[in-house]
Amino acid sequence: MKHELEPFYIEPLSWKNLRSALNLLNRVFPRESQGGERPFVFFTATLCSVGRLLLKWKGYPFVSYWVARDSENGAVVGTVGLYTKADDDEAYWGGWMCVDPKARGKSLGMALSYRAMVEATKRGDRKYARLYTSTDPNEAAAQIMYDQMGLEVYREEDEPGTGYKRLYRQIEL
Ligand SMILES: CC(C)(COP(=O)(O)OP(=O)(O)OC[C@H]1O[C@@H](n2cnc3c(N)ncnc32)[C@H](O)[C@@H]1OP(=O)(O)O)[C@@H](O)C(=O)NCCC(=O)NCCS
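Values in this document were obtained by computation on a predicted structure and should not be read as measured data.

Visitor: What's the story with the site of the ligand in this structure? I'm lost.
Guide: Taken together, 22 residues are adjacent to the ligand, and Met97, Gly105, Ser107, Gly109 and Gln148 come closest. Within the backbone of methionine 97, an N or O atom sits 2.8 Å from a nitrogen atom of the ligand. Within the contact set of the ligand, an oxygen atom lies 2.8 Å away from a backbone nitrogen or oxygen of valine 99. Computed on the free molecule, the ligand has an accessible area of 920 Å², of which 73% lies beneath the protein chains in the complex. Elements represented by at least two residues in the shell around the ligand include exactly strand S4 (88-99), helix H5 (108-123), strand S5 (128-134) and helix H6 (140-149). In terms of residue count, H6 provides more of the shell around the ligand than any other element does, 6 residues in total.

Visitor: Where do I start with the layout of surface pockets in this structure?
Guide: A water-sized probe, rolled over the atoms, reveals where empty space remains. There is about 170 Å³ of room inside the second largest pocket. In terms of lining, the second largest pocket is formed by 10 residues, of which the most central are Glu6, Phe8, Tyr9, Ile10 and Ala111. Among the elements of the structure, strand S1 (8-12) and H5 are those that each provide at least two residues to the lining of the second largest pocket. Here the lining of the second largest pocket takes 3 residues from S1, the largest share from any one element. Residue composition of the lining of the second largest pocket, by class: 7 nonpolar, 1 polar and 2 charged.

Visitor: Which parts of the structure should I look at to understand the pattern of salt bridges?
Guide: Opposite charge on two side chains permits them to pair, given that their charged atoms come into close proximity. Counted under the stated rule, the structure contains 11 salt bridges. Glutamate 11 serves as the salt-bridge partner of arginine 69, at 2.8 Å between the closest nitrogen and oxygen. Of this pair, arginine 69 sits in strand S2 (residues 63-70) while glutamate 11 sits in strand S1; the two residues are 58 residues apart in sequence, bridging distant segments of the chain. Across the pair, exposure class does not vary: arginine 69 and glutamate 11 are buried alike. One network of salt bridges, with partners in common, ties together Arg115, Glu119, Lys122 and Arg123.

What counts, and at which threshold
- Residues numbered from 1 in each chain as written.
- Predicted model: local features only at pLDDT ≥ 70, side-chain atom pairs only at ≥ 80, totals over all residues.
- Heavy atoms only, no water.
- Near = heavy atom within 4 Å.
- Polar contact = N/O pair within 3.5 Å; in protein donor to acceptor, adjacent residues only side chain to side chain.
- Areas by Shrake-Rupley, 256 points an atom, 1.4 Å probe, with all protein chains shown as cover.
- Helix = DSSP H or I, 4+ residues; strand = E, 2+ residues; numbered from the N terminus.
- 1 Å grid on protein atoms, 1.4 Å probe; cavity = no way out; pocket = protein on both sides within 12 Å on 5 of 7 lines; lining within 4 Å.
- Points joined across faces, edges and corners; volume = space filled by probe spheres on them.
- Nonpolar A, V, L, I, M, F, W, Y, C, P; charged D, E, K, R; others polar.
- Salt bridge = Lys/Arg side-chain N within 4 Å of Asp/Glu carboxyl O.
- Buried < 20%, exposed > 50% of the residue type's maximum accessible area, 1.4 Å probe, protein only.

What follows is the structure, encoded as C-alpha cells:
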C-alpha cells in the first residue's frame, strides 16, 4: 500500500507494472532472463486464469509476485515472488528477488523478503520458506542478507554450465 512518508511502497504485480518489472529483471539478471526460467513467462502467466492453469500444469500450484515502487516517480525498483512446487508440500519458495542498483542499501531487499515471508506465514500450510540462490558474484550481497535473515544453506549443487554453485536455503516458518 502507498504511504506518503515512505520512499518506496510494495504492491502486487499487475498488468500496469508488468513491463517495468520485466525491464528491471532483465537488467539485474541478464543471464537467467535468457534461460529456461525466463521471468516473462512466469510473471505474465500469474496475471490471467489460463496462465495460472498453465503454471499449475507445469508443477507450480501457487505463484504470486510483488513489486516495489519509488514513491516519488512510481518507477519499479524491486521484485519478489512466492510459489509452491507440486513436488514439495513442505515449503513456500521465494524467487526473483531483486532491487534496482540505484535503490540498494535502503532496506528494500529486506522489506521485499518480509513481504513474501508474511504471506507464506499467513497462508499457514507449509513448514518452511525456501529459496535457491547462487555463488555468482552478482548475488553476493544476497548471501549476506539471507544469512542475516536466518535462511540457512541446507544443500549445494553445481549449477550446470555456469561454473557456480547453486545454494538452497531455508528457514522454519
Ligand atoms: C540482494 C539485494 C536484493 C539486496 O537489496 P538491498 O535493498 O540493497 O538490501 P537491504 O538494504 O535490505 O540490505 C539488507 C541486508 O543485506 C546485507 N547487504 C545488502 N547489500 C549488501 C552489500 N552490498 N554488502 C554487504 N551486505 C549487504 C546487509 O546485511 C543488509 O543489512 P544491514 O542494512 O542491516 O547492513 C540486492 O543487492 C540485489 O538485487 N542483488 C542482485 C540480485 C540478487 O542477488 N537477488 C537474489 C537472488 S537469490
